[in-house]
Amino acid sequence: MASPSTAILALVIALACATTTANARFTALHWTPAHATFYGDETAAETMGGACGYGNLYATGYGTDTAALSTTLFKDGYGCGTCYQIRCTGSPSCYRGSPVITVTATNLCPPNWAQDSNNGGWCNPPRTHFDLSKPAFMKMAQWRAGIVPVMYRRVPCVRRGGLRFALQGNAYWLLAYVMNVAGAGDVAEMSVRSGRSGAWVRMSHNWGASYQAFAQLGGGALSFKVTSYTTRQTITATNVAPANWCLGLTYEARVNFS
């Protein structure tokens, strides 16, 4: 698979007009019990990249407050970019006051069918489980615990700036990684158009947070329609990438979800 790690060479902010449909603002959901573990060490080096395709999480703005989701929450990649509040509860390893952390889903915690779901196979379906970066885990519990019971709820993602599109591919294939998604944080559908009079081309879900179009789109400014998986709100960002857009660059719109 292509990786956006080489796509974050430059960030181009483009003026973009926008229209929205199904203006549904995402609101926080109810607290629900689950469990959490962590992977990697204090540097969070192992969290870079990941199944969502965000590449270097520092460069793309997600940092170390991230989580790998169990299959049930990951939803074949449609859970990428979603945000959760998590607090450790019911364990002596929880910090006093049960502090709340907020994390973004950037990776998949795959099933481990060689282990029992309640003894090592923590991410086996249908369990809801969070495998946190170690720095995130250490904000709510003692890391020596390994696994702790938690309460979690999905919350709106608060982002600065607009949607970002990291472009990869070739002259006949455009692969766009969608990042910095506010609101529900997730993406269900995308379309792309080249130039003012070009037809909209529906993009298919590639993997994680990436969408692809098998079309020749060079020569015109790129516009995108993006639909949220949860709220079905659609944003149309016009001329996000200028007519001389280049593969390997990341372009930022001036619009985002609510």
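Along each chain, the written sequence defines residue order, and numbers are assigned to residues from 1. Owing to the predicted nature of the model, reporting of local features is limited to residues with pLDDT of at least 70; listing and counting of side-chain atom pairs is limited to 80 or more, with chain, interface and lining totals taken over all residues. Note: side-chain values were computed over all heavy atoms of the structure, leaving out hydrogens and water.

A closer look at the packing of aromatic side chains
For any two aromatic rings, the description comes down to two numbers: the centre-to-centre distance and the angle of the planes. Here a Phe, Tyr or Trp ring, Trp counted by its six-membered ring, pairs with any other such ring whose centre lies within 6.5 Å, and the pair is stacked when the planes are under 30 degrees apart, edge-to-face when over 60, and tilted otherwise. Tallied over the full model, the rule gives 10 aromatic pairs. Seen from their ring centres, Phe165 and Phe224 are 4.3 Å apart, and the 10 degrees between their planes marks the pair as stacked. Separated by 59 residues along the polypeptide, Phe165 in strand β9 (residues 164-170) and Phe224 in strand β14 (residues 222-227) bring together distant segments of the chain. Judged on exposure class, the residue Phe165 and its partner Phe224 are both buried. Arg87 extends its terminal NZ or CZ atom over the ring of Trp31, reaching a point 4.8 Å from the ring centre. In this analysis the charged atom, NZ for Lys or CZ for Arg, is taken to sit over a ring once it is within 6 Å of the ring centre and within 35 degrees of the ring normal. Here the guanidinium or amino end of Lys134 rests over the ring plane of Trp143, the centre of that ring lying 3.9 Å away. Comment: elements are numbered from the N terminus, with helices defined as DSSP H or I runs of at least four residues and strands as E runs of at least two. To sort residues, take the accessible area from a 1.4 Å probe on protein chains only and compare it with the maximum for the residue type: under 20% means buried, over 50% means exposed, and anything in between is partly exposed.

Quick look at the UniProt feature "domain: Expansin-like EG45" (unreviewed entry) in the protein
UniProt positions are given in the numbering used here, feature names are shortened, and annotations may be inferred rather than shown by experiment. When the UniProt feature table is mapped onto this chain, "domain: Expansin-like EG45" (unreviewed entry) is found at residues 49-162. Taken end to end, residues 49-162 is 7% helix and 28% strand, and its two terminal C-alpha atoms sit 21 Å from one another.

Considerations on the sheet that holds strand β3 (residues 32-39)
Taking strand neighbours around the barrel as the criterion, the 6 strands line up as β3-β7-β4-β6-β5-β8 in a closed arrangement whose pairing is mixed. Within this sheet the neighbouring strands show an average axis-to-axis angle of 45 degrees, counted without direction. Note: two strands are recorded as paired if DSSP finds a minimum of 2 bridges between them. Note that β3 and strand β8 (residues 148-155) share 5 bridges and pair antiparallel. The partner of Ala34 across the bridge, within β8, is Val150. Note on definitions: angles span 0 to 180 degrees between N-to-C directions of axes, and those axes are lines fitted to C-alpha atoms, for helices only across the stretch in contact.

Quick notes on the pairing of strand β13 (residues 210-213)
What you see with β13 is no split at all: Ser210 and Gln212 on one side and Tyr211 and Ala213 on the other are buried throughout. Sheet topology note: the strand β10 (residues 173-179)/β13 ladder contains 4 bridges and is antiparallel. Each residue of the ladder has a partner; that of Leu174, found in β13, is Ala213. With 3 bridges connecting them, strand β12 (residues 201-207) and β13 associate as antiparallel partners. Considered in β13, the bridge of Trp207 is made with Ser210. Between β12 and β13, which follow one another and run antiparallel, lie 2 residues, and Gly208 among them has a positive phi close to 55 degrees.

Some remarks on empty space enclosed by the protein
Using protein atoms alone on a 1 Å grid, points that fit a 1.4 Å probe yet trap it form a cavity, whereas open point sets bounded by protein on both sides within 12 Å along at least five of seven lines form a pocket; residues with an atom within 4 Å of a point count as lining. Grid points are joined across faces, edges and corners, and a volume is the space filled by probe spheres set on the points. In the structure shown here, the tally under the stated rule is 1 cavity of 30 Å³ or more. Lining the largest cavity we find 16 residues, and of these Tyr54, Cys80, Gly185, Val187 and Ala209 sit closest to its centre. In the lining of the largest cavity, the residues fall into 10 nonpolar, 5 polar and 1 charged. Residues are sorted three ways: Asp, Glu, Lys and Arg are charged, Ala, Val, Leu, Ile, Met, Phe, Trp, Tyr, Cys and Pro are nonpolar, and all the rest, Gly among them, are polar.

What about the environment of Met203?
Mapped onto the elements, Met203 comes out in strand β12. Sequence spacing of Met203 and Ala215 is 12 residues, and the spatial spacing of their C-alpha atoms is 9.7 Å. In this description, contact between two residues means that some pair of their heavy atoms is separated by no more than 4.5 Å. When neighbours within four sequence positions are excluded, Met203 is seen to be in contact with Leu174, Ala176, Met190, Ser191, Val192, Tyr211, Gln212, Ala213 and Phe224.

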